Amino acid sequence: MERQLPIRDIYAREILDARGCSAVEVEILAGEDIIGTAAVSLLSSCGEERTGSEDAAHAIENINCHIAQILIGKNIFDQEEIDSETVRLDGTMDKHVLGGEIILGVSAAAARTAAGALGIPLYRYLGGAQANRMPVPVVEIMTSVPCAETVPDIQGAVIVPAAKSPFHDQLWACSRVYHEIGHILRSRGPAQMRDQESGPESGLRDEEEILRVIRDAAERTGYRLGEDMMAALDGEESGWYDAVRVDIGLSGTLTEIFAVVKKAREAGRLIEISHSGNRTADTLVSDIAVASCAAYIRAGSLCGMEHAERYNRLLRIEEQIGREIS
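> What should I look at first to understand the overall build of the protein in this one?
Across its full length, the protein carries nine helices and 12 strands. Of all 326 residues assigned to the protein, the portion counted as buried reaches 52%.

Quick look at the structure:
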């Protein structure tokens, strides 16, 4: 018999994201006292961040008035109906009426409410019993200062640790290399490095020099590039681990995200779940990566609390999965 628990209320508020810009937090109440929340940055239809309170006010009105009107009374455990009703209300291919990020926020808040009603974590609610493997982190390790001599397509670099070790060991390996890169760049003078939310920002001028710094940092911390971890220039890395990147900020509702994952898996492709432009501390990307049994996760740099929360969530999930297996 299908579980039934009606949605009683939906409420949204304006909050700050990591850049001090307006963001939206969605709350969904089901039953007597079960509440799930989700936070999203405000993005335009072309993916650019919107910063004004007027954008937040419009998004909040859409949620509190229009979305709430069609979802209150729906079964919180019927994720597909919740998602399809919201998409139908928007009525556009690119979801520009309500905003794709707002639709995802409502979808995520509903799933968290349902998971809370069952007393299970979100990744288990979304992925079931098979959600028992950790993704490998694809860590943004360095950004590049634009200049005339820099190759235009180079926006930075990423490192990917070998999958042979547990997730927490992979993460600490990335952390050590990340901080060592900072030491190397600082030793070259203040013009060579500035701390940015997406990682150290360097004045390095070509790809060989960028990769050389990463190699040196890896060796100084006891890791071998090409064996313990791989490095690549951002934008070029997908070719050497052959994965389909699923950007949760651009893929719609949870129902739509998992449909994309299913198609990629049926085609025999590995999955990378990406955090997109969400500048809040919401950890949805972490739960989705585990729930979808993704091979990789792109959760941002190791700098900035919004990124750290996603990695911290993964560390907690790793502990939970370990206890379940043991």
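So much for the structure itself; the text now carries on.
> What is the right way to read the pairing of strand β6 (residues 156-161) from this model?
Regular strands place their side chains on alternate faces of the sheet. With six of its six residues buried, β6 lies for the most part within the structure. The two faces of β6 match: Gly156, Val158 and Val160 on one face and Ala157, Ile159 and Pro161 on the other face are all buried. Relative to strand β9 (residues 229-233), β6 is paired through five bridges, and the arrangement is antiparallel. By the bridge assignment, Ile159 is partnered in β9 with Ala231.

> Explain the pairing of strand β10 (residues 243-247) here, please?
Of the strand pairs in this sheet, β10 and strand β11 (residues 270-274) are connected by five bridges, and their pairing is parallel. Considered in β11, the bridge of Val246 is made with Ile273. A crossover links β10 with its parallel partner β11, the connecting element being helix α7 (residues 254-266), and its sense is right-handed.

> Hey, could you run me through the environment of Leu16 in this one?
Note that Leu16 resides in strand β1 (residues 7-16). The spatial distance from the C-alpha of Leu16 to the C-alpha of Ala39 is 9.8 Å, given a sequence separation of 23 residues. Residue contacts for Leu16: discarding those within four places in its chain leaves Cys21 and Ala23.

> Is there a simple way to think about the environment of Ser301 in this case?
If you trace the backbone, Ser301 turns up in the loop between β12 (296-298) and α9 (305-325). Remark: the alpha-carbon pair of Ser301 and Tyr311, spanning 10 residues in sequence, is separated by 9.7 Å. One polar contact links the side chain of Ser301 to the main-chain amide nitrogen of Cys303, over a distance of 3.0 Å.

> Could you clarify how one ought to interpret the packing of aromatic side chains in this entry?
Applying the stated criterion across every chain yields a total of one aromatic pair. When the ring of Tyr241 is compared with that of Tyr296, the centres are 4.4 Å apart and the planes differ by 40 degrees; the resulting orientation is tilted. Placement of the pair is Tyr241 in the loop between β9 and β10 and Tyr296 in strand β12, with a sequence separation of 55 residues. Per residue, the accessibility class of Tyr241 equals that of Tyr296, and both read buried.

> Mind showing me how you'd approach helix α3 (residues 100-118) here?
Working note: α-helix, 3.6 residues per turn, so residues spaced by three or four point in the same direction. Counted at 1.5 Å a residue, the expected span for α3 with its 19 residues is 27 Å, and the 27 Å between its end C-alpha atoms agrees. Where burial is concerned, most of α3 is hidden: 16 out of the 19 residues are buried. In the stretch just after α3, Gly119 is the one whose phi turns positive, near 70 degrees.

> Mind showing me how you'd approach the sheet that holds β12 here?
In a beta sheet, neighbouring strands pair by backbone hydrogen bonds and run either parallel or antiparallel. If you walk across this open sheet you meet the four strands as β4-β12-β11-β10, and the pairing is parallel. What marks the edges here is a single partner per strand, and that holds for β4 (136-137) and β10. Bridge count between β11 and β12: three bridges; the pairing is parallel. Looking at the pairing, Ser274 lines up with Arg298 of β12.

> Even after reading the chapter, I still don't get the sheet that holds β1, so can you show me in this structure?
Here three strands make up an open sheet; going across it, the order is β1-β2-β3 and the pairing antiparallel. Taken across any chain shown, the strands that pair with only one partner, and hence form the sheet edges, are β1 and β3 (34-41). In this sheet, adjacent strand axes meet at a mean angle of 20 degrees when their direction is disregarded. Relative to strand β2 (residues 22-30), β1 runs antiparallel, the two sharing nine bridges. Each bridged residue has a counterpart across the sheet, and for Ile10 the counterpart in β2 is Ile28.

> Sorry, what's going on with the pattern of salt bridges here?
In a structure, side chains of opposite charge can pair up when their charged atoms sit close to one another. A full pass over the atoms with the stated rule returns 18 salt bridges. One salt bridge in this structure joins Glu140 and Arg298, with 3.5 Å as the shortest N-O distance. Placement of the pair is Glu140 in strand β5 (residues 139-144) and Arg298 in strand β12, with a sequence separation of 158 residues. Close ionic contact of Asp228 with Arg224 constitutes a salt bridge, the shortest N to O distance being 3.3 Å.

> What is the right way to read helix α8 (residues 284-291) from this model?
Burial within α8 is extensive, with eight of its eight residues counted as buried. Within α8, the full set of buried residues consists of Leu284, Val285, Ser286, Asp287, Ile288, Ala289, Val290 and Ala291. Looking at the residues trailing α8, positive phi occurs at Cys293, about 55 degrees.

Reading the values: the criteria
Residues numbered from 1 in each chain as written. Predicted model: local features only at pLDDT ≥ 70, side-chain atom pairs only at ≥ 80, totals over all residues. Heavy atoms only, no water. Helix = DSSP H or I, 4+ residues; strand = E, 2+ residues; numbered from the N terminus. Buried < 20%, exposed > 50% of the residue type's maximum accessible area, 1.4 Å probe, protein only. Pairing = 2+ DSSP bridges. Right-handed = clockwise from strand over helix to strand, strands pointing away. Contact = heavy atoms within 4.5 Å. Polar contact = N/O pair within 3.5 Å; in protein donor to acceptor, adjacent residues only side chain to side chain. Phe/Tyr/Trp six-rings, centres within 6.5 Å; stacked < 30°, edge-to-face > 60°. Expected span 1.5 Å × (residues − 1). Axes fitted to C-alpha atoms, helices over the stretch in contact; angles between N-to-C directions. Salt bridge = Lys/Arg side-chain N within 4 Å of Asp/Glu carboxyl O.

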